[in-house]
Amino acid sequence: GQNQQGQQAAQSKSGQSQQGQNQQGQQAAQSKSGQSQQGQNQQGQQAAQSNSGQNQQGQNQQGQQAAQSKSGQNQQGQNQQGQQAAQSKSGQNQQGQNQQNEQNQQQGDTGQSLAQAQEAQKQITQALENMLGDMSQQESVRSLVNQARQLAGDQQALNKAIEEAANNPELMGKLAENLAGEQKAGLENQAARQNELARQLEKLQQSLGEMAQRMDAQDPLDADGLREAAENSKNQNTSGKMNQAAEQIAKNQTNQARQNQQEALKDVEQLLDDIQNRKEKELARLVKQLKQAEQEMRDLKRAQVENLLKTREAGQNKNDAQRKAELQRLARQEQQLQEEIKRQLQRLQRSRSAQQAARAGQQAQGQMGQAQQKMDADDAQGAQENQEEALKNLDEAEQEIAQARREAEEQLAQEQFTKMADLIKSLAERQSKMVEETIGYDKKKADSGNLSQAQKAGVRNLGLVEDSLKQETVELAQRMEDGVPVFSLTLKKAADNMSKASTGLQQLDTGKPTQTSEKNAAERLQQLIDSLQPDKPKDGDQQQQQQQQQQQQQQGQQEEGDGIPTVAQLKMLKRLQAEINARTGELDGKLKAGARLAAGEQTELDDLKIEQGRLADLLRDLSKPKRTDGED
């Protein structure tokens, strides 16, 4: 605005000066025109007027210059003021713009933080939904277990009711149409109950299949267990047995109905066990499959080594015809190895835990195919290179299978330990009671010189109880054989002690040999329980113990499935080795003294050799280290 005012003022002065100049010019022109018209006679007058015009013109020029100088000064001052005002306003504008930029940046940072927070919130929400989904699945599985348990209880109650009907004299040997109305209605009601149980079983089988399908992605092993439980129940035709029993009940054929009912109850109880222990059974089956695959891959690798050596030998033959013929023969053997690896790959690809091994096997199969082609082309050197690569792939596949097998064994051990620990404690408590009762009978025998008939019957019954404990111990050892082999071996030893004690009790032997066998069994069971307990810290090592426990917990988080079972087995293995050492020392001392071993002692020495080799194998499996990538 100030600049515009300054420019207008300058233009006004300039306009006035210009106007003055125009008037002066006009006057000069008029004066000159008049001089021309008057002629030469008026030269003096013209000269005077001319001088006068020149003077006036000089003055006008001076005035114009002065006006222009003043106008320039005024305009310069006004321009300086305008620039200062513009600079002041520009500073104000810049300051406002900086503040606006800061506000925009703060809003941008806030928006970015909110976006990050929203993303984190979505992740939290998804995690919670996954947790709820897992909990929902667990609740659904528990509901299925309860349904199977309820079904078994209802079937058992119905079996008892039909047993009472079969023993009712009023119903025996009569056709249904010859029964009284109330009796016939009672049988029809029981038949309807049996049909309803068959319907509930079929619904439970369907629910198991649907639950398995939902769990396939998150827990395929658990899903396979549920699916197999349903399929086994269907294959047993349990619902068909129930429906047939219902027809027989309605016809008052209670004896035939009882047989079908008993089979149906056994099937339902098996279904319940399959659902409850589904993961343990699937892991046990997986371990066996992987062990078999590991051995087959080892045999295949050995055959590949033999074929490689023969190819190398054939390549050194200088006789072209003989070399070519031998290589073609070896090519046929290489083709057989390809077919064998193909069969193994089909099994490995069905196992989700052996996919890496399957990929290595596929690479080996490709190398074998190239080796076969080069053998047929009389290229021994090229065939050897492919065979060596195939051997590396087979070795990798074997290692991957072994790793998968060990991981499955660890998972199986974890799955078993919660259940097995309680069973071991129960066995240990009952075995300790056996020792007490045997000592009590032996004291009565010593006090009176003999046992009464009632006491003898009690000792024999005690022998039957010991035999029952032995059977439970053997079954538990079999269940733990794949997942916790050291515990399985210890349980078998305890079962052997129980067997000796049972035989002694049945022969009314309550003396030291029988008691020793019982005590050895109880001691082995207690050793298993002790091996599950953490080590007690020594004096002054409390802090170190806590640090070790924290390290173990961190390792447990990093290596899922590893930790407690392995440590417990190593503790138990140490105790078993100490027993072998002690017994070997006793026999060695006898030999050093010049004595000969009795037949029983020589047999025991042979058994110790076998047992020592077994412990070595167990320790070898337990002590294989893992790299950080999970490989040996």
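Residues numbered from 1 in each chain as written. Predicted model: local features only at pLDDT ≥ 70, side-chain atom pairs only at ≥ 80, totals over all residues. Heavy atoms only, no water.

> What's the story with the overall build of the chain in this structure? I'm lost.
What the chain contains, in helices and strands, is 16 helices and zero strands. Considering the chain as a whole, with its 632 residues, one finds that 34% of them fall into the buried category. Restricting to contacts in the chain with at least 6 residues of sequence separation, those with at least 24 account for 77%. Total accessible area computed for the chain in this model is approximately 38000 Å², and 43% of it derives from carbon and sulfur atoms. (Helix = DSSP H or I, 4+ residues; strand = E, 2+ residues; numbered from the N terminus. Buried < 20%, exposed > 50% of the residue type's maximum accessible area, 1.4 Å probe, protein only. Contact = heavy atoms within 4.5 Å. Areas by Shrake-Rupley, 256 points an atom, 1.4 Å probe, with all protein chains shown as cover.)

> Please explain the nonpolar core as it appears in this structure.
The tendency in soluble globular proteins is for nonpolar side chains to be buried as a group. Counting residues in each nonpolar core, the largest one holds 40 residues, and the members touching the most others are Phe487 and Leu525. Sequence-distant contacts of Phe487, that is, excluding residues within four places in its chain, are made with Phe417, Ile424, Met480, Leu528, Ser531, Leu532, Ala568, Gln569 and Met572. By size, the runner-up hydrophobic cluster in this structure holds 35 residues, among which are Leu171, Ala191, Ala212 and Ile275. (Core = buried A, V, L, I, M, F, W, Y, C linked by side-chain atoms within 4.5 Å.)

> I tried to follow helix α16 (residues 599-622) on my own but got confused; where do I start?
In an α-helix there are 3.6 residues to a turn, and that puts residues three or four apart on one side. Spanning 24 residues, α16 covers 35 Å between terminal C-alpha atoms, matching the ideal 34 Å at 1.5 Å per step. Listed in full, the buried residues belonging to α16 are Glu601, Leu605, Leu608, Glu611, Leu615, Leu618 and Leu622. (Expected span 1.5 Å × (residues − 1).)

> I'm lost on the packing of aromatic side chains in this one. Help?
For the structure shown, the criterion picks out zero aromatic pairs. If you follow Lys444 out to its NZ or CZ, it ends over the ring of Tyr441, 5.4 Å from the centre. (Phe/Tyr/Trp six-rings, centres within 6.5 Å; stacked < 30°, edge-to-face > 60°. Lys NZ or Arg CZ within 6 Å of the ring centre and 35° of its normal.)

> Is there a simple way to explain the pattern of salt bridges in this structure?
A side chain of one charge can pair with a side chain of the opposite charge when the charged atoms of the two come close. Going through the model one piece at a time under the given rule, you end up with 38 salt bridges. Asp274 serves as the salt-bridge partner of Lys281, at 2.5 Å between the closest nitrogen and oxygen. Measuring nitrogen to oxygen at the nearest pair gives 3.0 Å for the salt bridge that ties Arg302 to Asp299. One end of the pair, Arg302, and the other, Asp299, are both in helix α7 (residues 278-315), three residues apart, so they sit about a helical turn from each other. A residue is classified by how much of its surface remains accessible, and Arg302, at 44% relative accessible area, is partly exposed. (Salt bridge = Lys/Arg side-chain N within 4 Å of Asp/Glu carboxyl O.)

> What is the right way to read the environment of Leu345 from this model?
Take Leu345: it is sitting in helix α8 (residues 320-350). You can call Leu345 buried: its relative accessible area is 3%. The spacing of Leu345 and Ala360 is 15 residues in sequence and 9.6 Å in space, taken between C-alpha atoms. Once residues within four sequence positions are removed from consideration, Leu345 is found in contact with Ala358, Gly361, Gln362 and Gln365.

> How should the packing of helix α3 (residues 181-215) against helix α4 (residues 220-235) be read in this particular structure?
Packing of α3 against α4 brings their axes to within 8 Å, and their N-to-C directions diverge by 155 degrees. Classed by the angle they form, the pair α3 and α4 counts as roughly antiparallel. The crossing of α3 and α4 is left-handed. Together, Leu201, Gln205, Leu208, Gly209, Met211, Ala212, Gln213 and Met215 of α3 and Pro220, Asp222, Ala223, Leu226, Arg227, Ala230, Ser233 and Lys234 of α4 make up the contact between the two elements. (Axes fitted to C-alpha atoms, helices over the stretch in contact; angles between N-to-C directions. Parallel < 35°, antiparallel > 145°, perpendicular 65-115°, else oblique. Left-handed = near helix turned anticlockwise from the far one by under 90°.)

> How should the confidence of the model for the chain be read in this particular structure?
If pLDDT is low for a region, its predicted coordinates should not be looked at in detail. Looking at the chain as a whole, the pLDDT averages 78, with 72% of positions reaching at least 70. Segment residues 552-564 is flagged for pLDDT under 50; beyond a separation of four residues in sequence, or across chains, it makes five contacts in the model. Counting contacts from residues 627-632, a segment whose pLDDT is below 50, to residues more than four positions away or on other chains yields 10 contacts. (pLDDT = per-residue confidence, 0-100.)

> I keep staring at the side chain of Lys493 and nothing clicks. Help me out?
Relative to the elements of secondary structure, Lys493 occurs in helix α12 (residues 485-506). The exposure class assigned to Lys493 is buried, which follows from its relative accessible area of 14%. Here Glu611 takes part through its side chain, which lies 2.4 Å from a polar atom of the side chain of Lys493. Residues in contact with Lys493, not counting those within four places in the same chain, are Arg524, Leu576 and Glu611. (Polar contact = N/O pair within 3.5 Å; in protein donor to acceptor, adjacent residues only side chain to side chain.)

> How should the packing of α8 against helix α9 (residues 355-376) be read in this particular structure?
Each pair of packed helices gets described by two things: the angle between the helix axes and the distance between those axes. Here α8 crosses α9 at 165 degrees, and the two axes come no closer than 9 Å. By the criterion of interaxial angle, the relationship of α8 to α9 is roughly antiparallel. Note that α8 runs across α9; the crossing there is left-handed. The class makeup of the residues in the contact of α8 with α9 is 12 nonpolar, 10 polar and four charged. (Nonpolar A, V, L, I, M, F, W, Y, C, P; charged D, E, K, R; others polar.)

> Mind showing me how you'd approach the environment of Glu481 here?
Position of Glu481 among the secondary structure elements: in the loop between α11 (453-479) and α12. Between the C-alpha atom of Glu481 and that of Ala284, which follows or precedes it by 197 residues, the distance is 9.1 Å. The residues contacting Glu481, other than those within four sequence positions of it, are Ser488 and Lys492.

> So what exactly am I meant to see when it comes to α9 here?
Relative to the 32 Å expected for 22 residues at 1.5 Å per residue, α9 spans 32 Å between its end C-alpha atoms, a close match to the ideal helical length. Within the sequence span of α9, burial applies to Ala357, Ala358, Ala360, Gly361, Ala364, Gln367, Met368, Gly369, Ala371, Gln372 and Met375. Phi turns positive, to about 65 degrees, at Asp378, one or two residues after α9.

> Before we go on, may I ask you to explain the side chain of Glu518 in this structure?
The topology assignment puts Glu518 in helix α13 (residues 512-531). Despite being buried, Glu518 has no salt bridge partner; Lys519 is the closest side chain of opposite charge, sitting 8.1 Å away. Those residues in contact with Glu518, other than ones at most four positions away along the chain, are Gln431, Met434, Val435, Thr438, Glu466, Ala501 and Leu505. (Lys, Arg positive; Asp, Glu negative; His and termini not counted.)

> Would you mind going over unusual backbone geometry with me for this structure?
Trans peptide bonds make up most of the peptide bonds, and negative phi angles are found at most residues other than glycine. Even without being glycine, Asn252 reaches a positive phi, approximately 65 degrees. You can see Asn252 is positioned in the loop between α5 (238-250) and α6 (254-276). One non-glycine residue, Asp378, adopts positive backbone phi at about 65 degrees. With respect to the helices and strands, the residue Asp378 is situated in the loop between α9 and α10 (380-448). Its relative accessible area of 25% is what places Asp378 among the partly exposed residues.

> Looking at this structure, I do not really get the environment of Ser468. What am I missing?
Mapped onto the fold, Ser468 is located in helix α11. Of the residues examined, Ser468 reaches a relative accessible area of 38% and is grouped as partly exposed.

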